[in-house]
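If you want the building blocks of each chain, they are given just below.
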Amino acid sequence: MYEGPVQDLIDELGRLPGIGPKSAQRIAFHLLAADPADIGRLQDALQRVREGVVFCEVCGNVAEQSICRICADPRRDPKLVCVVEEPKDVLAIERTREYRGRYHVLGGALDPLSGVGPDQLRIRELLNRIGTDEITEIILATDPNTEGEATATYLVRLLRDFPGLAVTRLASGLPMGGDLEFADELTLGRALTGRRAV
Amino acid sequence: MYVRQLQVTDFRSWAHADLTFEPGVSVLVGANGQGKTNLIEAIGYVATLGSHRAPTDAPLVRHGSTRAIVRTAVVNAGRELLVELEITPGKSNRARINRAPVGRPRDVLGVLRTVLFAPEDIALVRGDPAERRRFLDELLVARSPRYAGIRGDYDRVLKQRSALLKTAGAARRAGARGEELATLDVWDGHLARHGAELLAARLDLVADLGPHVAAAHAGVAPESRPVEVRYRSTLGAALPDGYGVPGGGRADPEALADALLAELGRIRAQEVERGVCLVGPHRDELELVLGEAPARGYASHGESWSFALALRLGAFHLLRGEGTEPVLLLDDVFAELDRRRRERLAEVAAEAEQVLVTAAVEEDLPEKLAGARYEVRDGEVSRAG
C-alpha cells in the first residue's frame, strides 16, 4: 500500500475495465512523473466528457449535439436501421465503410443477472422510430453470444408484426483469411446452416 | 494414445517434476503425502480441464505461487502433440498446442483422453445427482469435445433464466403485474434449444454406455445382482419412448426441444412462484439400479465400489470401442478393492494402451500388474525398474 493520494489514484485506475492492479500502479507512477501540461490535457478531456457528451436523441449513440453526425447526415439511407448494443459497435460497423444506413444503439443486451430487462434498453425508442420514420429494414447486429442472441430473439418477436418491415440478422460464420480446419465446431456448424447458393 | 512426457511447475506440492512414460503399465509408488496423486491429477486436468479432487483451480497452484504449468506430450497413432496449460486461479487459463497459443483452453480438449478411477468415485454411487451428471458430461466431452461448448452455453442461459425467475417471483409477490416476464418466452426458447442438445447427447450416451457398464460389473462382481443405468429426465412422461435405452432410437434434439418448451409452459406458474428453473438437464438424474433397488442408499460399501468401478470401466470400453484408446488412470484404488476385483482390474489394465497407477506400497498391487515402477519420495521421482 502506498500513502494517501497515490494509493487513491491506483485504486481509481484499477476500477477501470481491463486494468489490473499492476497496470494501475504503472499508470499512476507514469502520471506522477508526467509533464503538468499533459496532466492538464487529460483533466480537461475528462471534464469535457463529463459535461459535454450527450446521447443522440434519435439513435442513442454518443454525440456532441442533440442529433449525432450519422443521424444528421442526409446522404445516409433513412430506410435502413442497424440495431447494435453499444456505441463501440457503431464504430466497428462504420469501419467497414459498407453500410450506408443509420443506427440504433440499445445500450446493452438483455441480461437478467445484471438486472437488465427490456425497460433498461432503448427498445421503446426503437419502436417509436419505426412508427414514425420511413424504415423498411431492421438489421439486428447484437453480439452472437447468449445475451445478444436472446436480445435479437426478443426484438424479432416485437418487430415481426409491423407491416412492410423486413427484419434481418447479421450472418455468422467463418472469419476471412482463416483456415477451415481451425474453425470451432459451433462456428463451422453455423456457417454450414447459413450457407448460400452461388 | 499414451502420455510420453509430463512436466509440472508449481502444481500442488510440486515445484517441478519431469517424467517420461512408455506405453503399458507405469506405477508410481510412494508413501502418503509424497505427491503421487498430484501427478495423476495433472494428467487428468489436461484431459478434462478440471480436477477430480478440487472443484476450483485455486488448490492446484503450489502455495506461494500465482500460477501452475502443466505440460504433456501425448502420442496418438504415432503422432505427438505437446499440450501446455497455464493455470491461473481467478483469471482465464492459457493453453498452447505444439507451442502455438490456442484461442480458448477448451480447444485442447480431445488431444488427451483419459478415464480416471479414484477413491473419490465412491461419490458416483453415494453422492448427489450432480456427481452423476458430471460423470455423464465429462464422458460426453471425452466422446466429442464440442459438448464442452454446448454445456457452457446451456449453463449461461440457465443462469440468466434463473435470475429472471427470481426477480420476477419477488416482484410478483410484491404485487407487481408480471411485466418482468415479458422476456421469459425468449429465455424459454433458448433454454429448450440448448437443453435439448445436451439432453439428446446424454440420452444417446446412456443408451450406448449401459451394456458396457453391465458387462464390466458382471466381470468385477460376478456373484452380485446385475446392474443397470437409467436416465431420468425432468420431462418425465413427456420424454419420447425409446430414448436413452439400449437398442432404442437416437434422440432427436428437435423433438426434445419441443417437449422441453411444452413442459416449461406447463409449469411456468410454479417456476415463477418458487423462483427456480425446474425443468431441464440440470435437474436430471442418472439412476443406478442394483437388482431391483436404487444403488444409492441400498448398496453396501463393497457393492458401491463395484458399481463405481463398473461405471469407469464401462466408460473406458465405450471410448475404446469408438476408435481412440483412452489412457487409464488408476489413483490409489487397488488398496480399496478385494482380491477378485483387483485381479479383474489388472486384467483390464493389461489390455489398455497405457495405464498409470499410484499405490502407497507395492503389496497393494496384484501380481499380474507388471510394468515400469517409479519411486516418488521427497519431491523427487526416480525410475525404479
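Residues numbered from 1 in each chain as written. Chains lettered and ligands numbered in written order. Predicted model: local features only at pLDDT ≥ 70, side-chain atom pairs only at ≥ 80, totals over all residues. Heavy atoms only, no water.

What follows covers the pattern of salt bridges. Residues and elements named next belong to chain B. Using the criterion set out here, one finds 48 salt bridges over all chains in the structure. With a closest N to O distance of 3.4 Å, D128 and R296 form a salt bridge. In this pair, D128 is assigned in the loop between α2 (122–126) and α3 (129–143) and R296 in helix α8 (residues 295–298), connecting sequence segments 168 residues apart. For D128, a relative accessible area of 48% puts it in the partly exposed group. Across the pair R161 and E271 runs a salt bridge, and its minimum N-O distance is 2.7 Å. Here the residue R161 occupies a position in helix α4 (residues 146–173), and E271 occupies one in helix α7 (residues 268–274), the gap between them amounting to 110 residues. Here the two residues R161 and E271 agree in accessibility, since each one is buried. (Salt bridge = Lys/Arg side-chain N within 4 Å of Asp/Glu carboxyl O. Helix = DSSP H or I, 4+ residues; strand = E, 2+ residues; numbered from the N terminus. Buried < 20%, exposed > 50% of the residue type's maximum accessible area, 1.4 Å probe, protein only.)

Here we come to a nonpolar patch on the surface. Residue and element names in this part refer to chain A. A surface patch of nonpolar side chains, about 360 Å² in accessible area, is lined by V49, V53, F55 and V62. Tracing the backbone shows V53 in the loop between α3 (36–52) and β1 (54–55). The exposure class of V53 is partly exposed, given its relative accessible area of 37%. (Patch = residues over 30% accessible without salt bridge, like charges linked within 9 Å, V, L, I, M, F, W, Y side chains within 5 Å. Areas by Shrake-Rupley, 256 points an atom, 1.4 Å probe, with all protein chains shown as cover.)

Moving on to unusual backbone geometry. Most peptide bonds take the trans form, and the phi angle of most residues other than glycine is negative. Residue and element names in this part refer to chain B. At R12, a position not held by glycine, the phi torsion is positive, near 50°. Relative to the helices and strands, R12 is located in the loop between β1 (2–11) and β2 (14–20). Backbone geometry places D378, a non-glycine residue, at a positive phi of 50°. Residue placement: D378 occurs in the loop between β14 (372–377) and β15 (380–383). Overall, D378 belongs to the exposed group, its relative accessible area being 64%.

Looking now at the interface of chain B and chain A. When the parts come together, some accessible area is lost, and that loss is often what is quoted as the size of the interface. Contacts between the two partners involve 16 residues from chain B and, on the opposite side, 16 residues from chain A. Broken down residue by residue, the surface that chain B buries against chain A is led by Q160(B), V186(B) and W187(B), which jointly contribute 32%. At the junction of chain B with chain A, the criterion picks out two salt bridges. Where R157(A) meets D185(B), a salt bridge forms, and the shortest distance between an N and an O atom there is 3.9 Å. Here chain B and chain A share five residue pairs in polar contact (both at pLDDT 80 or more) between them. (Contact = heavy atoms within 4.5 Å. Buried area = accessible area lost by both parts, 1.4 Å probe. Polar contact = N/O pair within 3.5 Å; in protein donor to acceptor, adjacent residues only side chain to side chain.)

For the rest of this paragraph, the subject is the domain arrangement of chain B. All names here are of chain B. Partitioning chain B into structural domains gives domain 1 (1–113 + 324–385) and domain 2 (121–319). The gap between the C-alpha centroids of domain 1 and domain 2 is 29 Å. Taken together, the contact pairs 19 residues of domain 1 with 20 residues of domain 2. Summed over both partners, the interface of domain 1 with domain 2 buries about 1700 Å², with 67% contributed by carbon and sulfur atoms. Considering only the side of domain 1, the residues that lose the most area to domain 2 are R113, R341 and R344, jointly responsible for 28% of the buried surface there. When the shortest N-O distance is used, the salt bridge between E223 and R340 registers 3.8 Å. (Domains from an automatic or database assignment.)

Residue and element names in this part refer to chain B. Taken as a whole and assessed by the stated rule, the structure comprises four aromatic pairs over all chains. Between F21 and Y374 the ring centres are 5.4 Å apart and the planes differ by 65°, which places this aromatic pair in the edge-to-face class. Note that F21 is positioned in the loop between β2 and β3 (24–29) and Y374 in strand β14, a separation of 353 residues in sequence. Residue F21 shares its accessibility class with Y374, and that shared class is buried. The ring of Y147 is capped by R146, whose NZ or CZ atom sits 4.9 Å from the centre of that ring. (Phe/Tyr/Trp six-rings, centres within 6.5 Å; stacked < 30°, edge-to-face > 60°. Lys NZ or Arg CZ within 6 Å of the ring centre and 35° of its normal.)

With four bridges joining them, β14(B) and β15(B) adopt antiparallel strand pairing. Counted as the bridge partner of Y374(B) is R383(B) from β15(B). (Pairing = 2+ DSSP bridges.)

What follows covers the UniProt feature "zinc finger region: C4-type" (unreviewed entry) in chain A. In the numbering adopted here, UniProt assigns the feature "zinc finger region: C4-type" (unreviewed entry) to residues 56–71 of chain A. Secondary structure content for residues 56–71 of chain A is 19% helix and 12% strand, while the C-alpha to C-alpha distance between its ends is 8 Å. (UniProt positions renumbered as here; feature names shortened; annotations may be inferred.)

Here helix α7 (residues 146–159) of chain A contains 14 residues, and its C-alpha end-to-end distance of 20 Å stays within 8% of the 20 Å for a straight helix at 1.5 Å per residue. Of all the 14 residues making up α7(A), 10 are buried; the element is thus mostly covered by neighbouring parts of the structure. (Expected span 1.5 Å × (residues − 1).)

Next up on the list: the sheet that holds β14(B). Residue and element names in this part refer to chain B. Read from one edge of the open sheet, six strands run β8-β12-β13-β3-β14-β15, paired in mixed fashion. If you trace the sheet from one side to the other, it starts and ends with β8 (114–117) and β15, each paired once. Here the average twist between neighbouring strands, direction ignored, is 20°. Strand contacts of helix α1 (residues 36–48): β3, β8, β12 (327–331), β13 (354–359), β14 and β15, with the helix running at about 145° to β13, the strand carrying the most contacts. Contacting β8 and β12, helix α9 (residues 301–321) crosses the sheet at an angle of about 170° to β8. (Axes fitted to C-alpha atoms, helices over the stretch in contact; angles between N-to-C directions.)

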